[in-house]
Each structure stands twice: as structure tokens, then as C-alpha cells.
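Architecture and fold: a report
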Amino acid sequence: MTSNTTKVAGQGLCPTPFLQADLFPATGGFVSGRFCSNALGPTCCLPCPQTEWLYPDNFTTITKSANWINVVGMTCSVFLLASFIFLPVDKTHRHYLSVCLTVAVILMQLGFIVPLGARPDQCFNAITPNDMSSNVPCALSGAFLIAGGWCGVMWVFLRAVALHLQICWQIVIGKTFMWGALATGWGIPAIGLTVAMVFSGVSFRFGDTCHINHKNSLADLWIPLLIFAGITVIVQFATFGYCIKVYLASLADDSTTTNSSGLPSYTTSLRGTISPRQAYRRVRRVIELQWRGIAIVLLIIADVVFFAVVFVFMDDMEANIIKKPAKSLPWLTCLITSKGDKNSCLKFAETLVINEATVMSVLLLLSLNGVWCFFLLGRWSMFQGWYDMARNKVKPNNEFVSADVRAYKDPGSYEMLGRNRDSGKTPEPLKTPLSPLSPAAKSGRETPDYFGREARYKSPSRSFSVPKAPQAYTPGQSPVPPRTWDPAATHAQPTYYAGMDPLAMNKI
């Protein structure tokens, strides 16, 4: 890269620092990834790797730093996944949408971590980069990156759809949605990965991680990804728009029946008949419980869209250089006149590639996905759960699960909404403590002392009366005589009749 008058192997008739393509085999590696031009007479190619000539010396440090940030993100993701698997649900509030999204982020991070351990050679020979057919770490890193991108987009799409169905359409998602989401969330990425690897392939384009090649990449990867990302954004903002509409409607609602009744009514059992205040309380509860999921959807969609847009522009710039070779002549001339001093020619290379700051931003944002998932999907109770497990207080594999726990629905999950939540006020917890059962109830099959419990009478919300003690009637003093029941006035049999023996009533 510095001034050198001595010819190197493969230079042939080309000026320094270029190498003559005819002196290298036409097969092996990613031949289409060579940066060659015949403007100098013979076909001369830029030495591999090309990024060392197009970017400053610190560019390699930037890409490796991004890979190490992924190690931190992987640690956070593995902690989340292990917590979901081994800890009880009351510690993690796990849900299949959160678990699958965490797995998707792990796949994406493996695309950057594999090169750290494998340390692959980016070049097949002096002018040809390696691709998935000539380098196994390249194939693995590229496949993990594409699969992680596809899975991340699909699972945030499914999270957005699930939230939209519950808030806007009041549909309780169940097993049907779950199995459909699992089939869609893993099936479509599998198809997308296969199509991308077959029709485009991956190779070393910058850094130690392989990325998808330019050929057919728009049709088999970027356009489908951007379509699902666009639908996700539309669905998410449609949900936000509905929330704003419900909030404004609740401000104008002057009805008092929605707050005064603690009992479900018939009018609130059907969709579309609930009052604006009830709808607002429902939407507010969902937002309070699911704001973490909403935030992670927006973050991952922003990262993937930014990554896709940058690569589309990169491919477009490479295509323009091939169509218009004269655009690169100032840079080529500078390299020739400077005898291969790339630092003096970087100002001419800026128009040929994506700038260094943009590439750094893309790699950094993708590397932080695991950290975002940790902060938004993780909970402090997970640390408490691991602490309790270390002290043998929690046994996830053989723990006792009562009927109440089995009936417990995670309030942070997407299945926490039922139609009974929409009708009326949430019941208030009993404030009067019940006395403990007698010792006889704890010693086997004894009859519990149910009469040992005491509860304070609480008037219903719509009751305008209070219980009163019965009063004795004295003729001539009470203004109204007590009500009596005359069996002769009805067809009922009198309680007492002539000849009745009370002592013989219970004889068999």
C-alpha cells in the first residue's frame, strides 16, 4: 500500500498496486467480486481485500469491535433464553413471542461471532474474495445473518399483529394464533434463507462477516424484508392511531355508568357497544403491560430497515461503477501516480463506497439488538429467580403447581385479555383478612372449622340501603304491624297441622 517500485507476483503489465487478472485462475472463490478494469490496457484488478484500499486503516478495527459488541449482546440473549427455559413463569413472564424473538436475535449475533472464533481468510487468492463455496465460516456467518434478519422481522411482525388484534379488534389470541405464528415465524425465514443462498449466495464484502452478494439480492432478500417491515410499521402506527382515537373519545365521554357499576352488563359483552371510557381503560392497560414489546418491535424494525437500505445503496453504487467506469478514473489515477499510497487517494474513493460512519452505524445497531432485548424483555425478578434457585428455593423441573397457579394468566402476556375484562369494573381485593383454619383442619381428613372465618359485610355499589336489626312489634306502639304469612290464603301446606308429632318427624 506504500510506495514500492518492485513488482510483486501477479502484477504483470499492470501498474502498482494493481494485479493482472490473466495471471490468476478464472475459477475458485467469488470471481464476480473482483474489482477489475481494462481502462489501462490489460485487465487489472485491485488486490484483495478491497476494503483495505477504499477505507482508512482503522476500518478493520471498527468491524472487529462490532463483532466483540455482539459477544456482549449474545451474553444478554443467552441469559434471557436460559431464564425463559429454567425459571418459573412468574419470574420471567415468558411468552412464545418473546422466546422466539430472542432466538432470532441469537441467530443474527452468531453471524458476527462465528468469524471471531474461525478467523477466516477473506481472500481466495490475491485478487479474488472467498465465498460460501470456498470458505465454510463464510457460509455459516452469512447464513446466520440472513436467517437472523428474516426471523427478527417476522417475529416483530407477529408481535405487532397480535397487539393490533387485541387492542383494535378485541380478539383474544389463543392456540390457533400460536400455531399459525410458529409456522409463519419459522417457515417463511427458512424459505427466504434457502432462496437467498441459492440465487444470490454470500461472500466477503467488508469485514470478517460474509454478506449477501449483489446478484438477485433485491428480489430474493431486500424487497421481501422491506415489505414485511413496512407492513409491521403500518400495523404498529395503526394501533397507535386507534389508541389516540380512544383516548380523545374518552375525554369527551360524560357518561357515569362505566365508573359507577362494579357488575358486568349485557351491553358491554359485545364488541362495539362498550363506552369510550371502558375502551380507554382497556387500551391503557394493554399499553402499560406491553410497552416493552412495542419498543423492541420499533427498535429491531429500525435496525433491519437501516441495514437493508444501506446495502441497497451499496449495491447500487457498485452497479453504477460497472456501468460507468469513468466514475472511478480519478481514484485509479491517484493510486497509479502515488505508487499505491491509498491514504492520499481516500478523498477520491469517498464517491465510490458508503462512508465509514454509515457502515459503523449499521454494524453498531445490529450488534446492540441483544442488549435491547435484555433491557426490554428481561425483568429484575429473573435475577431473584436465579438467586432462589441457587438457594434451592425454586425447583423448575419438580416444583409443586397448585390449581390456582395453573389458572394464573401472565398479565404481561398477550393472552391476558378476555371478554370478561371488558365488562365493568375490576373486582377489588378483599381487605378483611380471613382467620386461619383451626388445627383440626390441618391434621388429615378432619372437617375444617368453616365457622372460624369472619368477613365484614360490604354493601354493593348500587345499593342504597344497609342491613338493620329486626325490631319487636308491640300492639299499640309500633305504627306498622309486622308482615305475616297466612297459608290459608295460598295453596301452600301449613307448617303445623293437627295431630303432628314433632318428635316423630326424623324417625326412619
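Keep in mind it's a predicted model, so treat the numbers as computed, not measured.

1. Regarding the pattern of salt bridges
Pairing is possible between side chains that carry opposite charge, provided their charged atoms lie close to one another. Tallied over the full model, the rule gives four salt bridges. In this structure, Arg205 and Asp315 form a salt bridge, with 2.6 Å as the shortest nitrogen-oxygen distance. Residue Arg205 is located in the loop between β4 (202-204) and β5 (210-212), and its partner Asp315 is located in helix α9 (residues 276-323); the two are separated by 110 residues in the primary sequence. Asp315 shares its class with Arg205; the two are buried. Within the structure, one salt-bridge network assembled from shared partners comprises Arg205, Asp315 and Glu318.

2. Brief notes about the sheet that holds strand β1 (residues 19-20)
In space, the three strands of this open sheet follow the order β1-β3-β2, with antiparallel pairing throughout. Looking at the sheet topology across the chains shown, the edges are occupied by β1 and β2 (36-37).

3. A word on the environment of Ile301
By the element assignment, Ile301 lies in helix α9. Classification of Ile301 as buried rests on a relative accessible area of 6%.

4. Focus: the packing of α9 against helix α12 (residues 356-367)
In contact at an axis separation of 10 Å, α9 and α12 are set at 145 degrees when each is read in the N-to-C sense. In this structure, α9 crosses over α12, and the sense of that crossing is left-handed. Between α9 and α12, the contacting residues are Asp303, Phe306, Phe307 and Val310 on the first element and Thr358, Ser361, Val362, Leu365 and Leu366 on the second. The residue makeup of the contact of α9 with α12, split by class, is six nonpolar, two polar and one charged.

5. Remarks on the environment of Ile113
One can find Ile113 in helix α4 (residues 96-118). Beyond its immediate stretch of four places on either side in the chain, Ile113 contacts Asn70, Val71 and Met74.

6. Quick word on unusual backbone geometry
In the segment running from Thr16 into Pro17, the intervening peptide bond is cis, with an omega of 10 degrees. By the element assignment, Pro17 lies in the segment before β1. Positive phi, close to 55 degrees, is recorded for His93, a residue that is not glycine. With respect to the element layout, His93 can be found in the loop between α3 (89-92) and α4. The phi dihedral of Asn216 falls on the positive side, at around 60 degrees, and the residue is not glycine. Tracing the chain through its elements places Asn216 in the loop between β5 and α7 (217-252). A relative accessible area of 40% places Asn216 in the partly exposed class.

7. Structural notes on the packing of aromatic side chains
Inspection of the entire model under this criterion finds 16 aromatic pairs. Here the aromatic rings of Phe59 and Phe206 are separated by 6.3 Å at their centres, their planes lie at 65 degrees, and the arrangement is edge-to-face. With a gap of 147 residues between them, Phe59 in helix α2 (residues 59-86) and Phe206 in the loop between β4 and β5 connect regions that are remote in the sequence. Here Phe206 falls in the buried class, since its relative accessible area comes to 7%. Each ring, one from Phe79 and one from Phe383, has its centre 5.1 Å from the other, and the planes form 25 degrees; the classification is stacked. Of this pair, Phe79 sits in helix α2 while Phe383 is found in helix α14 (residues 380-390), placing the two residues 304 residues apart along the sequence.

8. Considerations on the nonpolar core
Of all hydrophobic cores here, the largest spans 80 residues; its most connected members are Ile146, Trp155, Trp222, Ile300 and Trp331. For Trp222, the residues in contact, after removing those within four places along its chain, are Ile212, Ser217, Phe307, Ala308, Phe311, Val312 and Asp315.

9. Looking at the side chain of Arg205
Residue classification places Arg205 among the buried residues on the basis of a relative accessible area of 16%. Of the polar contacts made by the side chain of Arg205, one reaches the side chain of Asp315; its length is 2.6 Å. A distance of 3.2 Å separates polar atoms of two side chains, one belonging to Arg205 and the other to Glu318. The residues touching Arg205, leaving out its near neighbours within four places in the chain, are Thr51, His211, Ile212, Asn213, His214, Phe311, Met314, Asp315 and Glu318.

10. Digging into the environment of Leu116
Structurally, Leu116 is set in helix α4. Sequence-wise, Leu116 and Lys64 are 52 residues apart; in three dimensions their C-alpha atoms are separated by 8.1 Å. Among all residues touching Leu116, those that are not within four sequence positions of it are Asn67, Trp68 and Val71.

11. Notes on the state of the cysteines
In the structure shown here, the tally under the stated rule is five disulfides. Disulfide partner of Cys14: Cys44, at an S-S distance of 2.0 Å. Disulfide Cys14-Cys44: torsion about the S-S bond near -95 degrees, hence left-handed. Of this pair, Cys14 sits in the segment before β1 while Cys44 sits in strand β3 (residues 44-45), and the two are 30 residues apart along the sequence. For the pair Cys14 and Cys44, one class covers both residues: buried. Here Cys48 connects covalently by a disulfide to Cys123, the sulfurs 2.0 Å from one another. Between Cys48 and Cys123, the disulfide has an S-S torsion of -90 degrees and is therefore left-handed.

Calculation rules
Residues numbered from 1 in each chain as written. Predicted model: local features only at pLDDT ≥ 70, side-chain atom pairs only at ≥ 80, totals over all residues. Heavy atoms only, no water. Salt bridge = Lys/Arg side-chain N within 4 Å of Asp/Glu carboxyl O. Helix = DSSP H or I, 4+ residues; strand = E, 2+ residues; numbered from the N terminus. Buried < 20%, exposed > 50% of the residue type's maximum accessible area, 1.4 Å probe, protein only. Pairing = 2+ DSSP bridges. Axes fitted to C-alpha atoms, helices over the stretch in contact; angles between N-to-C directions. Left-handed = near helix turned anticlockwise from the far one by under 90°. Contact = heavy atoms within 4.5 Å. Nonpolar A, V, L, I, M, F, W, Y, C, P; charged D, E, K, R; others polar. Phe/Tyr/Trp six-rings, centres within 6.5 Å; stacked < 30°, edge-to-face > 60°. Core = buried A, V, L, I, M, F, W, Y, C linked by side-chain atoms within 4.5 Å. Polar contact = N/O pair within 3.5 Å; in protein donor to acceptor, adjacent residues only side chain to side chain. Disulfide = S-S within 2.5 Å.

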